[in-house]
Amino acid sequence: MLIPKRVKYRKMHRGRRQGIATQGATVAFGDFGLQAMEAAWMSNRQIWIRVFPDKSITKKPAETRMGSGKGNPEGWVAVVKPGRVLFEMGGVTPQVAKEAMKLAAAKLPMKTRVISAAEAGGQR
C-alpha cells in the first residue's frame, strides 16, 4: 500500500470534488490508458500507477458523542477528477488492452473509459 513518508499536517479538510483534471489527463507512457469519467476518492488499496494517495481520511470511533474534535487518521486516498489517466499499458493489441482495462475498471469506485495515445493527445 502507498502512503506518504511524511506530511506537514496529518488531518485534512474533506474538500469538494469539482472541476476536471488539468494534469495527468493524457497518455504519456503507454499506448492505451484507463481514464476516469467522474470524480472519486481512490483508497491506497485501489491505487494505480499514475496517482498517489496524499490526502488523509479521519474517522471517529463507534458510539462516540458529538463534538470532542476531529477523529484519528484511518487511511489515505487520492483525489481523482474526471479526465485523469489512472493506468497505462503498451506493447499489446487493442483487444487485449481493452479486456485488461475492463477487468481493472471493475475494481474501481468510478466510471472509466479506455483511451488510446492517439485520441488522448499523448506523446507517443
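Note that the structure is a prediction, hence the values are computed from the model and not measured.

**Student:** Any details on the side chain of Asn 44? Residues and values, ideally.
**Tutor:** Mapping Asn 44 onto the fold places it in the loop between β2 (40–43) and β3 (55–59). Taking the relative accessible area as the measure of exposure, Asn 44 reaches 13% and is therefore buried. Only 3.4 Å separates the side chain of Asn 44 from the backbone oxygen of Leu 2, close enough to count as a polar contact. Contacts of Asn 44, omitting those with residues within four sequence positions, involve Met 1, Leu 2, Ile 3, Pro 53 and Trp 76.

**Student:** Let's hear about helix α1 (residues 94–105): which residues, and what values?
**Tutor:** In this model, α1 (twelve residues) spans 16 Å end to end at C-alpha, consistent with the 16 Å of a helix rising 1.5 Å per residue. Every buried residue belonging to α1 is among Ala 97, Met 101, Ala 104 and Ala 105, and all of these are buried. Here the buried residues of α1 occupy an arc of 95° about the axis, which is enough to place them on one side. Residues Gln 95, Lys 102 and Leu 103 are exposed on α1 and point more than 90 degrees away from its buried face. In this structure, the buried side of α1 is in contact with β1 (32–36), β5 (85–89) and β6 (112–116).

**Student:** Help me get a handle on the pattern of salt bridges, residues and values and all.
**Tutor:** One side chain can pair with another of opposite charge once the charged atoms of both are near each other. With the rule as written, the count across this model stands at one salt bridge. We note a salt bridge from Glu 88 to Arg 50, for which the minimum N-O separation is 2.1 Å. Separated by 38 residues along the polypeptide, Glu 88 in strand β5 and Arg 50 in the loop between β2 and β3 bring together distant segments of the chain. You'll find Glu 88 and Arg 50 in the same group, each marked buried.

**Student:** Tell me about the pairing of β1, residues and numbers included.
**Tutor:** In terms of residue burial, β1 counts as a mostly covered element, since five of its five residues are buried. Side chains Phe 32, Leu 34 and Ala 36 of β1 all project onto a buried face; the interleaved residues Gly 33 and Gln 35 project onto the opposite face, where all are buried too. Where β1 meets β5, four bridges bridge the pair, whose relative direction is antiparallel. Bridge pairing in β5 links Gly 33 to Glu 88. In the sheet, β1 pairs with β6 via five bridges, with the strands oriented antiparallel. Across the sheet, residue Gln 35 finds its bridge partner in β6, namely Arg 113.

**Student:** Kindly report on the environment of Met 1, identifying the contributing residues and their values.
**Tutor:** By secondary structure assignment, the location of Met 1 is in the segment before β1. Along the backbone, Met 1 and Trp 76 are 75 residues apart, and their C-alpha atoms lie at a distance of 9.5 Å. Setting aside residues up to four positions removed in sequence, Met 1 forms contacts with Asn 44 and Arg 45.

**Student:** Mind laying out the sheet that holds β5, listing which residues take part and the relevant values?
**Tutor:** Across the sheet, three strands lie side by side as β5-β1-β6; this open sheet has antiparallel pairing. Of all strands in the sheet, those bounded by a partner on one side alone are β5 and β6. On average, each strand axis in the sheet is inclined to that of its neighbour by 25°, with strand direction left out of account. Across the sheet, α1 is in contact with β1, β5 and β6; its angle to β1 comes to roughly 30°.

Each value, and the rule that gives it
Residues numbered from 1 in each chain as written. Predicted model: local features only at pLDDT ≥ 70, side-chain atom pairs only at ≥ 80, totals over all residues. Heavy atoms only, no water. Helix = DSSP H or I, 4+ residues; strand = E, 2+ residues; numbered from the N terminus. Buried < 20%, exposed > 50% of the residue type's maximum accessible area, 1.4 Å probe, protein only. Polar contact = N/O pair within 3.5 Å; in protein donor to acceptor, adjacent residues only side chain to side chain. Contact = heavy atoms within 4.5 Å. Expected span 1.5 Å × (residues − 1). Arc of directions from axis to C-beta. Salt bridge = Lys/Arg side-chain N within 4 Å of Asp/Glu carboxyl O. Pairing = 2+ DSSP bridges. Axes fitted to C-alpha atoms, helices over the stretch in contact; angles between N-to-C directions.

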